[in-house]
Amino acid sequence: MQPTQRRSSWQQAAVVTGAFVLLLWALEIFDAASGHPLDAYGVRPRSEDGLVGIALAPLLHFGFDHLVGNTVPVLVLGFLALATGIARGVAATAIIWVVGGLGVWLFAQPGSNHAGASVLIFGWIVYLVVRGFLNRSSTEILIGVAVFLLYSGALLGVLPGQPKVSWQGHLFGAIGGFVAARLLTTRRAEASVTY
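About the criteria used
The numbering scheme is per chain: residues are counted from 1 as the chain's sequence reads. Owing to the predicted nature of the model, reporting of local features is limited to residues with pLDDT of at least 70; listing and counting of side-chain atom pairs is limited to 80 or more, with chain, interface and lining totals taken over all residues. Just so you know, side-chain values use all the structure's heavy atoms and leave hydrogens and water out. The definition of a nonpolar core used throughout is a set of buried Ala, Val, Leu, Ile, Met, Phe, Trp, Tyr and Cys residues joined through side-chain atoms within 4.5 Å. Only protein chains enter the calculation, and the probe is 1.4 Å; a residue is then buried if its accessible area is under 20% of its type maximum, exposed if over 50%, and partly exposed in between. Runs of H or I in DSSP of at least four residues are treated as helices and runs of E of at least two as strands, each being numbered from the N terminus. Throughout, a residue-residue contact means that at least one pair of heavy atoms, one from each residue, lies within 4.5 Å. When two rings of Phe, Tyr or Trp (its six-membered ring) have centres within 6.5 Å they constitute a pair, described as stacked for plane angles under 30 degrees, edge-to-face for angles over 60, and tilted for the intermediate range.

Peer 1: Even after reading the chapter, I still don't get the nonpolar core, so can you show me in this structure?
Peer 2: Among the nonpolar cores identified, the biggest contains 32 residues, and V74, L77, Y127, L128 and V147 are the most heavily contacted of them. Taken together, the elements giving at least two residues each to this core come down to α1 (3-33), α3 (64-83), α4 (86-107), α5 (118-135), α6 (138-151) and α7 (167-183). Ranked by residues supplied to this core, first place goes to α5 with twelve residues. Residues contacting Y127, with those up to four places away along its chain left out, are A81, R88, A92, I96, G177, A180 and A181. By size, the runner-up hydrophobic cluster in this structure holds nine residues, among which are L60, V104, W105 and A108.

Peer 1: Is there a simple way to explain the packing of aromatic side chains in this structure?
Peer 2: For any pair of aromatic rings, the description rests on two quantities: the centre-to-centre distance and the angle between the ring planes. In total, this model carries three aromatic pairs according to the counting rule given. Between the aromatic rings of W25 and F64, the centroid separation amounts to 5.8 Å while the plane-to-plane angle is 25°, which identifies the pairing as stacked. Highlighted residues: W25 in helix α1 and F64 in helix α3, separated in sequence by 39 residues. You can call W25 partly exposed: its relative accessible area is 27%. On the basis of relative accessibility, which here comes to 35%, the residue F64 falls in the partly exposed class. Aromatic side chains F107 and F172 sit 5.4 Å apart centroid to centroid with 10° between the ring planes, which places their arrangement in the stacked category. Of the two residues, F107 is situated in helix α4 and F172 in helix α7; the sequence distance between them amounts to 65 residues. What makes F107 exposed here is its relative accessible area of 58%.

Pasting the structure below:
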């Protein structure tokens, strides 16, 4: 990739990630101003109405504290997921979004309601750590190592234990990140040679 192409890709990644975060804030401002009607659109496990949450839950938050806690990780990790290729980063995000949402819908406690961008955050962490090794890309490996050093402690959030925290969303987001890294590997299979 040429330096100008790299700069353009980074700029596009910054714009897309910034726009996504602005959308999250706009939705939460609307939700707070109108009495929190959007909170009902999270993933509600094994309920027919809760299926819509698979599409909407990563966009919604249960208050400004929840959103503030997710804003910086979304900016950093979303940017890094997109910076080495917008199309691949968007595809990875879509896979994480769907796998995370379906996992929560299928396996979380009935009667609960799950929302927040942390499903994406945990997915991006795993995606960024794994993809460089699968692609054998030194740049992506360095990004993955940096992400692991910064966010490895957060990965404990995939374990149950914190009340009112969707460890299922974290776990299935992380699984989605691994699936995305496997499906979107760019390394070509090496040709087999027999003697």
